[in-house]
Amino acid sequence: MNLHVNIYSLGCSKNLIDSERLARRFADKGIDIAFDEEIPPKGSVTVVNTCGFIGDAKEESVNELLRFIDLKDRGHIKAVYVMGCLSERYRNDVAEQMPELDGIFGKFDWAGIVDEVLALQKASEIKQNAATKPWDRVLSTGPHYTYIKISEGCNRFCAFCAIPLITGRHTSRPADEILAEVSQLAANGTREFNIIAQDLSSYGRDLADTSAEPLADLIDRMADIEGVEMIRLHYAYPSDFPYGILPVMSRRKDVCKYLDIALQHIDDKVLTNMRRHIDADGTRALLERIRREVPGIHIRTTMMVGFPGEDDAAFDRLLDFVKEQRFERLGAFAYCEEDDTFAAKNFEDNIPDEVKQARLEKLMAVQEEIASEVAASEVGKTLRVIIDEYDPDMQRWIGRSEYDSPEVDCNVFVEADEELETGKIYNVKITDSDGFDLYGSIGH
Ligand code: SF4
């Protein structure tokens, strides 16, 4: 009998891609796989793909590992393996504190789990498939939408961020390899491609034969691929922004007018101490140009409150900036000191937790109102909506517009006279909003 492997994926969409690639390697060996089973079938193997980004994520990863170790101790599952950012960053600590784990892998050597699991199963039962390409995956999402990682690592070294310590230097994937992956997925029915990178802005600058605008060229070529209907861009860095992407976004219907660009703050002193290589004037000029060149664009950003030295005046500047810019989508974090980062070594974490929390709540209350007004302003428009699923209780189809990334943004609840097709894109007339999500109809 084949082993059943449950891949439990925590953290960001970049981690999810590694989980999907691991799943493909298992599937090609004839091993049954599933994603995110809370209680996996008896006798199965669980792989936990961990996140080591910030305190809460690390705690969640540790708790999930302990939960699966407990299931193993009670004889419910056969083995537990760990991979991902937490075990990359704290490999020795994980080994010391969780000796019950059957194997510890990191962010780059996770393919080794397959051999260990195969050793649990007799070689004669293993089905081989020699044709697996490095990017091949079993999609856990769609199959109509997916994430495409175009580079790994980051050279920016923002003061608060541990990611470069985990993922290493920025390395772009060659464009031809990315386009081959997208072509293969599109041929198999994937329509929406969410492009991700730690630092989207630097894409291609490290490649040998690259054009002056490697990101713009990549996205332009990607949009030419038959079957590609939505390309959405995530995690741009504000300094050295690749402006060539803006005309592509403006001109091409299949490239969503959406940009996820973390700005973190607006106060000059805080930005300098964060090592963000941009100031308030530069940030405003960047936003003005993006909105001018791509009319109607929806911008998602991330802000951080409570960074060392953020006094009341600096926080008020951030609040005023958010009110002024009216970002369509915004998330925020409270600063959390991370081991070995520049900030941990050079600044005292001097903002009390309750102050950080109060600032976070104040900022999010402002944003909630803006988001609600943004949602209301969509009423009366016709938006391109990709259908994710049908909700029988609501008797509506659930989809997302080109302005809505999976998991983080709004849903569009669609009424239709006819049966819709999951993964297909429809023009939906927006009829209502409820503060965050949208309601619309087809054929009414
Ligand atoms: S750009 Fe800054 S915040 Fe983003 S991954 Fe790199 S170091 Fe971290």
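Since we're looking at a predicted model, the values are computed, not measured.

A look at the site of the ligand
Item 1. Around the ligand, the surrounding shell consists of Cys 154, Arg 156, Phe 157, Cys 158, Cys 161, Ile 163, Pro 164, Gln 198, Asp 199 and Tyr 237.
Item 2. For the shell around the ligand, the class distribution of residues is 7 nonpolar, 1 polar and 2 charged.

Observations concerning the sheet that holds strand 3 (residues 45–50)
Strand pairing in a sheet takes place through backbone hydrogen bonds and is either antiparallel or parallel in direction.
Item 1. Taken together, the 5 strands give an open sheet; going across it, the order is 2-1-3-4-5, and neighbouring strands pair in parallel fashion. With one partner strand each, in any of the chains shown, strand 2 (32–35) and strand 5 (103–104) form the two edges of the open sheet.
Item 2. Direction of pairing for strand 4 (residues 79–84) relative to strand 5: parallel, over a ladder of 2 bridges. Residue pairing in the sheet places Tyr 81 in a bridge with Gly 103 of strand 5.
Item 3. Contacting strand 1 (4–9), strand 3, strand 4 and strand 5, helix 5 (residues 112–119) runs over the sheet at an angle of about 170° to strand 4.

Section: the domain arrangement of the chain
Item 1. Parsing the chain into structural domains produces domain 1 (4–125), domain 2 (145–377) and domain 3 (382–442).
Item 2. Spacing between the C-alpha centres of domain 2 and domain 3 amounts to 25 Å.
Item 3. Contacts between the two partners involve 20 residues from domain 2, matched on the other side by 13 residues from domain 3.
Item 4. Of all the secondary-structure elements, those providing two or more residues to the side of domain 2 that touches domain 3 are strand 9 (192–196), strand 10 (230–236), strand 11 (255–261) and helix 14 (353–377).
Item 5. Its residues assigned to classes, the side of domain 2 that touches domain 3 comprises 7 nonpolar, 5 polar and 8 charged.

Description of the nonpolar core
Item 1. Val 5, Val 47, Tyr 81, Phe 160, Ile 219 and Ile 231 are the most contacted members of the largest nonpolar core, which has 116 residues in total.
Item 2. When residues in this core are grouped by element, the largest group, 6 residues, is from helix 8 (residues 214–224).
Item 3. Excluding its chain neighbours within four sequence positions, the residues that come into contact with Ile 219 are Ile 231, Ile 245, Val 248 and Val 255.

Comments concerning the packing of helix 12 (residues 312–325) against helix 14
Item 1. Viewed as axis vectors pointing N to C, helix 12 and helix 14 meet at an angle of 15°, and their least axial separation amounts to 10 Å. By the angle between their directions, the pair helix 12 and helix 14 is classed as roughly parallel. You can see that helix 12 and helix 14 cross each other, and the crossing is right-handed. On helix 14, the residues that touch Phe 315, Leu 319, Val 322 and Lys 323 of helix 12 are Arg 359, Lys 362, Leu 363, Val 366 and Gln 367.

A closer look at helix 12
Item 1. With 14 residues, helix 12 ought to run about 20 Å at 1.5 Å a step, and its terminal C-alpha atoms sit 20 Å apart, in line with that.
Item 2. Turning to helix 12, its buried residues are Phe 315, Leu 318 and Val 322. Around the axis of helix 12, the buried residues are gathered within 55° of arc, so they sit on the same side. Away from the buried face of helix 12 by more than 90 degrees, exposed residues Asp 312, Ala 313, Asp 320, Lys 323 and Glu 324 are located.
Item 3. Next to the buried residues of helix 12 lie strand 12 (298–305), strand 13 (329–334) and helix 14.
Item 4. One or two steps after helix 12, the chain reaches Arg 326, where phi turns positive at roughly 50°.

Some details on the environment of Asp 102
Item 1. Relative to the assigned elements, Asp 102 resides in the loop between helix 4 (91–97) and strand 5.
Item 2. Classification of Asp 102 by C-beta neighbours within 10 Å gives partly exposed; the count is 18.
Item 3. Sequence separation between Asp 102 and Arg 384 is 282 residues, and the spatial gap between their C-alpha atoms is 47 Å.
Item 4. With near-sequence residues (within four places) excluded, Asp 102 lies in contact with Ala 79, Val 80 and Tyr 81.

Describing the sheet that holds strand 14 (residues 382–391)
Item 1. Pairing within the closed barrel is mixed, and its 5 strands lie in the order 14-15-16-18-17. Each neighbouring strand pair of the sheet contributes to a mean axis angle of 50°, computed without reference to strand direction.
Item 2. The sheet contact formed by strand 14 and strand 17 (residues 425–433) spans 5 bridges and is antiparallel. The residue of strand 17 that forms the bridge with Thr 382 is Lys 429.

Things to note about the pairing of strand 9
Sheet faces and side chains relate simply in a regular strand, where the side chains alternate between the two faces.
Item 1. Of all 5 residues making up strand 9, 5 are buried, and the element is well covered by its neighbours.
Item 2. The alternating pattern of strand 9 places Glu 192, Asn 194 and Ile 196 and Phe 193 and Ile 195 on opposite faces, both of which are buried.
Item 3. When strand 9 meets strand 10, the two strands line up parallel, connected through 4 bridges. Considered in strand 10, the bridge of Asn 194 is made with Arg 232.
Item 4. Each parallel crossover has a hand, and for strand 9 linked through helix 8 to strand 10 it is right-handed.

Cut-offs and rules
- Residues numbered from 1 in each chain as written.
- Predicted model: local features only at pLDDT ≥ 70, side-chain atom pairs only at ≥ 80, totals over all residues.
- Near = placed C-beta within 6 Å.
- Nonpolar A, V, L, I, M, F, W, Y, C, P; charged D, E, K, R; others polar.
- Pairing = 2+ DSSP bridges.
- Helix = DSSP H or I, 4+ residues; strand = E, 2+ residues; numbered from the N terminus.
- Contact = placed C-beta atoms within 7 Å.
- Axes fitted to C-alpha atoms, helices over the stretch in contact; angles between N-to-C directions.
- Domains from an automatic or database assignment.
- Core = buried A, V, L, I, M, F, W, Y, C linked by C-beta atoms within 7 Å.
- Buried ≥ 20, exposed ≤ 12 C-beta atoms within 10 Å, placed from the backbone.
- Parallel < 35°, antiparallel > 145°, perpendicular 65-115°, else oblique.
- Left-handed = near helix turned anticlockwise from the far one by under 90°.
- Expected span 1.5 Å × (residues − 1).
- Arc of directions from axis to C-beta.
- Right-handed = clockwise from strand over helix to strand, strands pointing away.

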